[in-house]
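Chain by chain, the residues:
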Amino acid sequence: MANSRIDDLQAFLAVARDQSFTKAAAKLGVTPSALSHRMKSLEQRLGLRLLARTTRNVAPTEAGERLIQSLTPLFDQIAMEVEALGELRDKPAGTIRISCTDDQIALCLRPKMAEFLENYPDVTIELYVDYGFTNVVTERFDAGIRLGEAISQDMIAIPLSPEMRLVVVGSTEYFNQHPEPQTPYELTHHACVDIRHRPDGAIYAWEFEKDGKEFTVKGQGQLVFNSIVHVLNAALDGIGLAYVPEALAAPYLANGRLKKVLTDWSPYFSGFHLYYPNRRQSSPAFSAFVDTFRHKE
């Protein structure tokens, strides 16, 4: 098959995966109209409709689904074999794509990033900040980062941090004007800076524990972000209370710009973990990444 036809099949998989010409075109570096034309040409050559198009959606037809099932493992195998060729090099090389959040970068990756890049000059790391719990398999990431307890059992999980907890923090200015809450239930009378992980999701309810009893509280705030870094900054600006990783707030707790409250009610979690499919074939570059960033007791 000509290279252009192979490219068309890969383009078809991209459109089917994203169910959007616009999104797929952005990833492929072409215009949506050009991509649509390529799909029509592919369908004409095959004599089959592969994609059902409406004004709002693009979805694979029955023939398209069959082609997806046939092609996906083949292209995955090709990608793994090409990646495995890196083992023949003297040094690890290639690109590692990780889905993560701002605080995970700051707490788990940034402290060792300069060292890693210096040690492995032929490796490129692409970090995609995403709070929407992206499926790393369907979106073709090499790995993602989540709390250990949020990772499914069919994934390999590597610890990147020790146990951690979220704590309620506020600025000195805020507490000069508002009394410190003595129990989480009093948070309903405070301005709380919230986070919503994805547009169609609910606002995150703050989690607490006391005497073995777990419960959640939602405060009353005027400001919602989808990034924990901006939640922290809002607390620093005196806008309200924030519920953030203790390690992320540590520099500001140390210099007195923030104060933490309700610590007796804040439970510890299993910490951040790197996770990836157990069927993933580890390249030298990915193995080096894991060895470098793995949390060591």
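Before going into details, it helps to say that this report is about the structure given with it. Quick caveat: nothing in here was measured; it's all calculated off a predicted structure.

**Here's the deal with the overall build of the chain**
Point 1. A tally of helices and strands in the chain yields nine helices and 15 strands.
Point 2. When the backbone C-alpha atoms are referred to their principal axes, the chain occupies close to 70 × 50 × 35 Å.
Point 3. Burial statistics for the chain: of 297 residues in total, 41% are counted as buried.
Point 4. Considering only residue pairs separated by 6 or more positions, the chain has 73% of its internal contacts joining residues 24 or more positions apart.
Point 5. Accessible surface, the chain: about 16600 Å² in total, of which carbon and sulfur atoms supply 50%.

**Some words on the sheet that holds strand β6 (residues 155-159)**
Point 1. Spatially, β4-β3-β5-β15-β6 is the arrangement adopted by the five strands of the open sheet, whose pairing is mixed. Since the sheet does not close on itself, it has two edges, and those belong to β4 (123-129) and β6, each with one partner. Averaged over all neighbouring strand pairs, the angle between strand axes comes to 30°, with direction disregarded.
Point 2. The sheet contact formed by β6 and strand β15 (residues 272-277) spans five bridges and is antiparallel. Looking across to β15, one finds that Met155 is bridged to Pro277.

**Concerning the pattern of salt bridges**
Point 1. By the definition in use, this model includes ten salt bridges.
Point 2. Across the pair Glu43 and Arg53 runs a salt bridge, and its minimum N-O distance is 3.3 Å. Taken as a pair, Glu43 in helix α3 (residues 32-46) and Arg53 in strand β1 (residues 51-53) lie far apart in primary sequence, ten residues in all.
Point 3. The exposure class assigned to Arg53 is partly exposed, which follows from its relative accessible area of 27%.

**Digging into unusual backbone geometry**
Point 1. Notably, Gln19 is not glycine yet its phi reads approximately 50°, a positive angle.
Point 2. Looking at the element boundaries, Gln19 is found in the loop between α1 (3-18) and α2 (21-28).
Point 3. Even without glycine at this site, Leu262 takes up a positive phi of about 60°.
Point 4. Relative to the helices and strands, Leu262 resides in the loop between β13 (258-261) and β14 (268-269).
Point 5. Overall, the relative accessible area of 8% leaves Leu262 in the buried class.

**Regarding the environment of Asp76**
Point 1. Of note, Asp76 is situated in helix α4 (residues 62-84).
Point 2. Using a relative accessible area of 28% as the deciding quantity, one classes Asp76 as partly exposed.

**With respect to the packing of α2 against α3**
Point 1. α3 packs onto α2 with a crossing angle of 100° between their chain directions and a minimal axis gap of 8 Å. Here α3 runs roughly perpendicular to α2, going by the angle between their axes. Contacts between α2 and α3 pair Phe21, Thr22, Ala24, Ala25 and Leu28 from the former with Pro32, Leu35, Ser36 and Met39 from the latter.
Point 2. Its residues assigned to classes, the contact of α2 with α3 comprises seven nonpolar, two polar and no charged.

**As for the layout of surface pockets**
Point 1. In this structure, the second largest pocket spans a volume of roughly 570 Å³.
Point 2. Top element by residues in the lining of the second largest pocket is strand β5 (residues 143-147). It accounts for three residues.
Point 3. Its residues assigned to classes, the lining of the second largest pocket shows 19 nonpolar, five polar and six charged.

**Re the pairing of strand β10 (residues 213-217)**
Point 1. Pairing analysis gives five bridges linking strand β9 (residues 206-210) to β10, with the strands arranged antiparallel. In the strand pairing of β10, Lys210 is matched with Lys213.
Point 2. Where β9 folds back onto β10 in an antiparallel hairpin, the turn is made up of two residues, including Asp211, whose phi is positive at roughly 55°.

**Details of the side chain of Ser171**
Point 1. Tracing the backbone through its elements, the reader meets Ser171 in strand β7 (residues 164-171).
Point 2. Taking relative accessible area as the criterion, Ser171 reaches 0% and is therefore assigned buried.
Point 3. Within the structure, the side chain of Ser171 is placed 3.1 Å from the backbone nitrogen of Tyr174, a separation counted as a polar contact.
Point 4. Setting aside anything within four residues of it in sequence, one finds Ser171 in contact with Ala235, Leu236, Gly238, Arg257 and Leu258.

**Topic: the side chain of Arg165**
Point 1. Relative to the elements of secondary structure, Arg165 occurs in strand β7.
Point 2. Side-chain polar atoms of Arg165 contact the side chain of Glu246, separated by 2.8 Å.
Point 3. Residue contacts for Arg165: discarding those within four places in its chain leaves Val244, Pro245, Glu246, Lys260, Thr263, Ser266, Pro267, Tyr268 and Phe269.

Criteria and thresholds
- Residues numbered from 1 in each chain as written.
- Predicted model: local features only at pLDDT ≥ 70, side-chain atom pairs only at ≥ 80, totals over all residues.
- Heavy atoms only, no water.
- Helix = DSSP H or I, 4+ residues; strand = E, 2+ residues; numbered from the N terminus.
- Buried < 20%, exposed > 50% of the residue type's maximum accessible area, 1.4 Å probe, protein only.
- Contact = heavy atoms within 4.5 Å.
- Areas by Shrake-Rupley, 256 points an atom, 1.4 Å probe, with all protein chains shown as cover.
- Pairing = 2+ DSSP bridges.
- Axes fitted to C-alpha atoms, helices over the stretch in contact; angles between N-to-C directions.
- Salt bridge = Lys/Arg side-chain N within 4 Å of Asp/Glu carboxyl O.
- Parallel < 35°, antiparallel > 145°, perpendicular 65-115°, else oblique.
- Nonpolar A, V, L, I, M, F, W, Y, C, P; charged D, E, K, R; others polar.
- 1 Å grid on protein atoms, 1.4 Å probe; cavity = no way out; pocket = protein on both sides within 12 Å on 5 of 7 lines; lining within 4 Å.
- Points joined across faces, edges and corners; volume = space filled by probe spheres on them.
- Polar contact = N/O pair within 3.5 Å; in protein donor to acceptor, adjacent residues only side chain to side chain.

Function-wise, these values are silent; they only describe arrangement.
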